[in-house]
Protein chains: 2
Amino acid sequence: MPQFLSNNKKYYTPVEYVFSKIGGTYKMPILWRVKDRAWRYSELKKSISNVSDRMLSKNLKELCDDGFISKTIIPEVPVKVEYTMTERGQEAIPIISVLRDYGFSLMKQDGIKD
Amino acid sequence: MPQFLSNNKKYYTPVEYVFSKIGGTYKMPILWRVKDRAWRYSELKKSISNVSDRMLSKNLKELCDDGFISKTIIPEVPVKVEYTMTERGQEAIPIISVLRDYGFSLMKQDGIKD
DNA sequence: CGGAATCCGGAACGATACTG
DNA sequence: CAGTATCGTTCCGGATTCCG
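Thresholds, definitions, all that
- Residues numbered from 1 in each chain as written.
- Chains lettered and ligands numbered in written order.
- Predicted model: local features only at pLDDT ≥ 70, side-chain atom pairs only at ≥ 80, totals over all residues.
- Heavy atoms only, no water.
- Buried < 20%, exposed > 50% of the residue type's maximum accessible area, 1.4 Å probe, protein only.
- Helix = DSSP H or I, 4+ residues; strand = E, 2+ residues; numbered from the N terminus.
- Pairing = 2+ DSSP bridges.
- Near = heavy atom within 4 Å.
- Polar contact = N/O pair within 3.5 Å; in protein donor to acceptor, adjacent residues only side chain to side chain.
- Nonpolar A, V, L, I, M, F, W, Y, C, P; charged D, E, K, R; others polar.
- Least-squares fit on C-alpha atoms with pLDDT ≥ 70 in both.
- Contact = heavy atoms within 4.5 Å.

Enquirer: Sorry, what's going on with helix 2 (residues 27-34) of chain B here?
Expert: The periodicity of an α-helix, 3.6 residues per turn, causes residues three or four places apart in sequence to face the same way. Burial analysis of helix 2 of chain B places seven of its eight residues in the buried class, the great majority of the element. By the burial criterion, the buried members of helix 2 of chain B are K27, M28, P29, I30, L31, R33 and V34 of chain B.

Right under this line is the structure:
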C-alpha cells in the first residue's frame, strides 16, 4: 500500500487524502451550495438544517484554509460575510456530482425514496 | 435539505448515504483490490498493511451484508475463504476511480509525491 | 486460517451559552 | 450577524483474547 505524509499526518491512499480535504458530513453540502453564487453564513446555517454553529464555522474555516472557498467580509453594520467558490473548489464539483448520482442510484436499489 | 430514513438511521444527503455504505478508511481499498479477482482474507490483511483483524473482518462483513462483495467458504482443512465482487460492487468501481484520480490531482496541487 | 467478542482511549461531534 | 468557548457525549478504531 502506498503512503505519504502531509502536515505530519500519514495517508495511505489518494482517496483518503480527498476525504481529509472535503470529507465529513458538511463540507460537500457547503461546496454544493456555494458553487453557483455567494452565500452568507446565516443562509448556509438555515439551508443545512442540522448543522451546529460550531461545525459550520469549523468546516468553513477549513475549506478556506485548504483553498476550496474564499471569504469576503463586508464591513457594514451589522457585519456581512460571504463565501464564494475558488477555482480549486470548482474542480471538486464534478466529483461531488458523481457521488450524488451514485447515491441516488444506491438509494433506488435499496428502495429508498427521497 | 432533503432527508430520509434507512434502518432507523437518518440521512440528509445522497452523498452521506454513499459514505455510510462504502466510506470509512478501509472499504474502498478492499473493493479496489477485489475488483479483478478473488482475494483471500490473509491476502487482504497483508496488502492493506495497516488494517487490524477487527477492522478487516468488520468491514468485510458489512460489505457482504450490503451486497457489494460475496464470500465463498471452501471447506478444506484449514478452511479457505474467498471474497469476490458482486454486480453491485462493480458499479462502485468507477466512483472510486474518479475519487482516486481526483486525489492524485489534489496531491499534485499540494506538492505531494506518491 | 479466518475470524468474533470485549475493553478502552482519543478524536469527532452536538448543545448551549456567550461575544465582537 | 457571525462566529468562540466550554462542556458532555458518541463513536471510531486499536489492542487483546478467544474460538471452530
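Enquirer: Would you mind going over the sheet that holds strand 3 (residues 39-40) of chain B with me for this structure?
Expert: Two pairing modes exist for strands in a sheet, parallel and antiparallel, and in both the strands are linked by backbone hydrogen bonds. All names here are of chain B. Pairing is antiparallel across the open sheet formed by three strands, whose spatial order is 3-5-4. The sheet is open, and its two borders are formed by strand 3 and strand 4 (69-74), each paired with just one other strand. With six bridges joining them, strand 4 and strand 5 (residues 80-85) adopt antiparallel strand pairing. Bridge pairing in strand 5 links I69 to M85.

Enquirer: Help me understand the protein's contact with DNA strand D, please; the structure alone is not making it clear to me.
Expert: In the vicinity of DNA strand D, 16 residues are found, and the nearest of them are R40, S42, K71 and Y83 of chain A together with R54 of chain B. Sugar plus phosphate, as a fraction of atoms of DNA strand D within 4 Å of the protein: 59%. Contact distances for DNA strand D include 3.4 Å between a sugar or linking oxygen and a backbone N or O atom of V79 of chain A. Elements that contribute at least two residues to the surface near DNA strand D include exactly helix 3 (41-47), helix 4 (53-65) and strand 5 (80-85) of chain A together with helix 4 (53-65) of chain B. Partitioning the surface near DNA strand D into residue classes produces seven nonpolar, four polar and five charged.

Enquirer: I'm lost on the relation of the copies chain B and chain A in this one. Help?
Expert: Between the two chain copies there is a screw-like relation: a rotation about an axis and a shift along it. Taken as rigid bodies, chain B and chain A are interconverted by a rotation of 180° and an axial shift of 0.0 Å, the fit giving an RMSD of 0.1 Å. Read as a symmetry element, the transformation amounts to a two-fold axis. Comparing contact sets, 100% of the residues at the interface of chain B also lie at the interface in chain A, consistent with an isologous, same-surface contact.

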